[in-house]
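# Reading the structure
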Amino acid sequence: MGKTHPLKPFYDVIDTGNPKEKWERLPEFPRIIELEITNHCNFQCVMCKTGNGQAKRDRGYMSEEIYQKLIDELAGMESQTAIKFVGQGEPTLHPAFLTYVMKAKEKGIVCHLTNNGSMMNDQFMEELIDTGIDSVKFSFQGVSRDGYKLLRIRDDFEELLGKIEKLYKLRGERQYPFITIGTSVLTETEAEIAAFRKRCESICDKTEIGITTLEYIDLELISDTGRRDEMKVIKQEQKECLRRYNCCHQIFDVLTLHWNGNICACCADNDEVMVLGNIKEMTLKECWDCEKEKSWRRILAERRYEALPLCKDCYDIYGWTYSENK
């Protein structure tokens with residue numbers, strides 16, 4: 001029998017209901033905290049605002065003081081809330097990343113990591129497993145060396161697959177961490193995608209394949225003029241195939257905590273335009289229940305997307321909804 005993703009019980013609830021229904025059965029506390037312990041990244045992915053330099057927010061690393069406030073509040077709540085180490089940077093670059101995971105696991109908090117694999121040497125892998133982390137996701141682009149190299153401007157596709165295989169073997173028969181390979185595609189064929197899935201079967205517990213969005217791509221970073229022109233066409237096509245999400249769960253189920261302590265209503269708030277408060281001055285619970293957040297939920301429950309600065313430009317490309325474990 002295959003393993004079950006530790007976040008599945010959370011998303012089984014999060015991914016149900018329309019905005020009005022979710023507003024009416026709002027949880028007393030967020031089900032998930034999207035945690036950005038740093039917005040530094042060591043990759044220069046051409047379609048990412050952090051990687052291509054479009055992100056203008058100050059960069060830094062979350063202090064122990066801020067992190068401890070988070071853990072203390074989550075540990076004191078009756079309902080279970082999971083932490084996802086994600087955000088606008090690479091979490092494993094934080095010098096205290098492993099320590100932070102251990103502190104959360106000591107309190108029984110479900111922990112997930114999405115990472116680019118760059119820090120995964122043998123020692124790091126062993127220490128990561130020892131923290132008791134529940135879930136680890138590796139982020140790719142494409143399903144081949146060429147597709148990966150095109151958007152990430154680096155040539156370590158095979159090396160990354162090798163690291164994942166090593167972590168999978170090190171974990172062995174232990175229950176955790178659940179290991180996911182996540183990628184996104186553009187022009188890849190069904191046969192290429194199927195071959196990638198087949199290759200991943202023996203080195204992870206789940207493979208997720210989505211669509212690469214080109215909203216923020218810096219085309220000048222693509223040296224191959226033929227591929228650059230191809231990306232221009234796809235970017236325009238995506239602009240013409242926009243759909244509103246059936247329901248965005250962020251404001252009804254999730255809070256995002258940035259490295260500087262700012263608490264945001266949306267995980268995509270790279271420029272901090274929908275900040276609810278700062279954890280140094282307000283608790284997560286106070287932000288969750290504040291009038292600002294309540295008014296934003298009401299707006300989304302009524303599907304008035306244009307009224308919110310982030311939501312007015314947020315779309316589901318091709319009408320494809322990201323409903324698997326994010």
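This text gives an overview of the structure that appears in the document.

### Observations regarding the pattern of salt bridges
- Under the definition given, this model contains 27 salt bridges.
- Across the pair Lys163 and Glu159 runs a salt bridge whose closest N-O atoms are separated by 3.7 Å. With a gap of 4 residues between them, Lys163 and Glu159 both fall in helix α7 (residues 157–171), about one helical turn apart.
- Looking at Lys163, the relative accessible area reads 16%, which means it is buried.
- The partly exposed category is assigned to Glu159, whose relative accessible area is 47%.
- The residue Asp313 makes a salt bridge to Lys312 at a minimum N-O spacing of 3.0 Å.
- Its relative accessible area of 44% is what places Asp313 among the partly exposed residues.
- Each of Lys22, Arg31 and Asp253 takes part in a single network of salt bridges with overlapping partners.

### Topic: the environment of Glu230
- Along the chain, Glu230 falls in helix α9 (residues 225–239).
- In this structure, the C-alpha to C-alpha distance between Glu230 and Pro27, residues 203 residues apart in sequence, is 45 Å.

### What to know about unusual backbone geometry
- Cis peptide bonds are those with omega within 30 degrees of zero, and the linkage from Tyr176 to Pro177 qualifies with 0°.
- As for its position among the elements, Pro177 is in the loop between α7 and β5 (178–185).
- Its identity is not glycine, yet Glu272 carries a phi of approximately 55°, on the positive side.
- With respect to the helices, strands and loops of the structure, Glu272 is situated in the loop between β9 (262–264) and β10 (275–278).
- You will see that Arg303, though not glycine, has its phi angle at about 60°, which is positive.
- Mapping Arg303 onto the fold places it in the loop between α12 (291–301) and β11 (316–317).
- On the accessibility criterion, Arg303 (39% relative accessible area) is partly exposed.

### Here's the deal with the side chain of Arg228
- As for its position among the elements, Arg228 is in helix α9.
- Despite being buried, Arg228 has no salt bridge partner; Glu220 is the closest side chain of opposite charge, sitting 4.6 Å away.
- A distance of 3.5 Å separates a polar atom in the side chain of Arg228 from the backbone oxygen of Leu219.
- Setting aside anything within four residues of it in sequence, one finds Arg228 in contact with Leu219, Ile222 and Ser223.

### Some remarks on the packing of aromatic side chains
- Taken as a whole and judged by the stated rule, the model has 9 aromatic pairs.
- With a centroid separation of 6.2 Å and an interplanar angle of 10°, the aromatic rings of Phe97 and Phe124 are classed as stacked. Linking Phe97 in helix α4 (residues 97–106) with Phe124 in helix α5 (residues 122–131), this pair joins segments that are 27 residues apart in sequence.
- The exposure class of Phe97 is buried, given its relative accessible area of 1%.
- With a centroid separation of 6.0 Å and an interplanar angle of 65°, the aromatic rings of Phe140 and Tyr148 are classed as edge-to-face.
- Since its relative accessible area comes to 1%, Phe140 is described here as buried.

### Digging into α5
- Among the residues of α5, those classed as buried are Phe124, Met125, Leu128, Ile129 and Thr131. The arc that holds the buried residues of α5, viewed along the axis, is 155°, so those residues lie on one side. Exposed residues on α5 whose side chains face more than 90 degrees from its buried face are Gln123 and Asp130.
- Those residues of α5 that are buried lie in contact with α4, β4 (135–139) and α7.
- Measuring from the side-chain oxygen of the N-cap residue of α5 to the backbone nitrogen of Gln123 gives 3.2 Å; that N-cap residue is Asn121.

### Some details on the pairing of β5
- Burial of β5 is extensive: 8 of the 8 residues sit out of reach of the surface.
- Every second residue of β5 is oriented toward a common face, with Phe178, Thr180, Gly182 and Ser184 on one face and Ile179, Ile181, Thr183 and Val185 on the other, all of them buried.
- Bridging between β4 and β5 involves 5 bridges; their strand directions are parallel. Pairing of Lys137 across the sheet is with Thr180, part of β5.
- Where the polypeptide runs from β5 across helix α8 (residues 190–200) and back to strand β6 (residues 206–211), its parallel neighbour, the crossover connection is right-handed.

Thresholds, definitions, all that
- Residues numbered from 1 in each chain as written.
- Predicted model: local features only at pLDDT ≥ 70, side-chain atom pairs only at ≥ 80, totals over all residues.
- Heavy atoms only, no water.
- Salt bridge = Lys/Arg side-chain N within 4 Å of Asp/Glu carboxyl O.
- Helix = DSSP H or I, 4+ residues; strand = E, 2+ residues; numbered from the N terminus.
- Buried < 20%, exposed > 50% of the residue type's maximum accessible area, 1.4 Å probe, protein only.
- Lys, Arg positive; Asp, Glu negative; His and termini not counted.
- Polar contact = N/O pair within 3.5 Å; in protein donor to acceptor, adjacent residues only side chain to side chain.
- Contact = heavy atoms within 4.5 Å.
- Phe/Tyr/Trp six-rings, centres within 6.5 Å; stacked < 30°, edge-to-face > 60°.
- Arc of directions from axis to C-beta.
- Pairing = 2+ DSSP bridges.
- Right-handed = clockwise from strand over helix to strand, strands pointing away.

Keep in mind that these numbers describe shape and distance, not what the molecule does.
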